[in-house]
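Listed here are the chains, written in short residue letters.
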Amino acid sequence: MLMHKFYEFTKQAKHQNIEEVTALEFNGDGGFLMAVGSSSGKVLIYDLRFSYPIRIEDHIPILDIK
């Protein structure tokens, strides 16, 4: 299931011109959420039960990430 999600992300990443995955984090309490960070400053939040992101955040390049 995890490989399928990663495949879906990379397929979508190519479509959205996302260069590469730079971070991957899972919900710590055993939930179904996964966050994927990209080199272009996007963070995609996935519910592992679905094949599409439930939220996409785009970092503003002039602001520091804290």
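Residues numbered from 1 in each chain as written. Predicted model: local features only at pLDDT ≥ 70, side-chain atom pairs only at ≥ 80, totals over all residues. Heavy atoms only, no water.

An account of the pattern of salt bridges is requested, with residue identities and associated values reported.
As enumerated under the stated definition, the model contains 2 salt bridges in all. We note a salt bridge from D47 to R49, for which the minimum N-O separation is 2.8 Å. Between E57 and R55 there is a salt bridge whose closest N-O contact spans 2.4 Å. (Salt bridge = Lys/Arg side-chain N within 4 Å of Asp/Glu carboxyl O.)

Could you give an account of the packing of aromatic side chains, with specific residues and numbers?
Evaluation of the coordinates by the stated rule reveals 1 aromatic pair. Plain terms: the ring middles of F50 and Y52 are 5.6 Å apart, the flat faces sit at 40 degrees to each other, and that makes the pair tilted. Since its relative accessible area comes to 46%, Y52 is described here as partly exposed. (Phe/Tyr/Trp six-rings, centres within 6.5 Å; stacked < 30°, edge-to-face > 60°. Buried < 20%, exposed > 50% of the residue type's maximum accessible area, 1.4 Å probe, protein only.)

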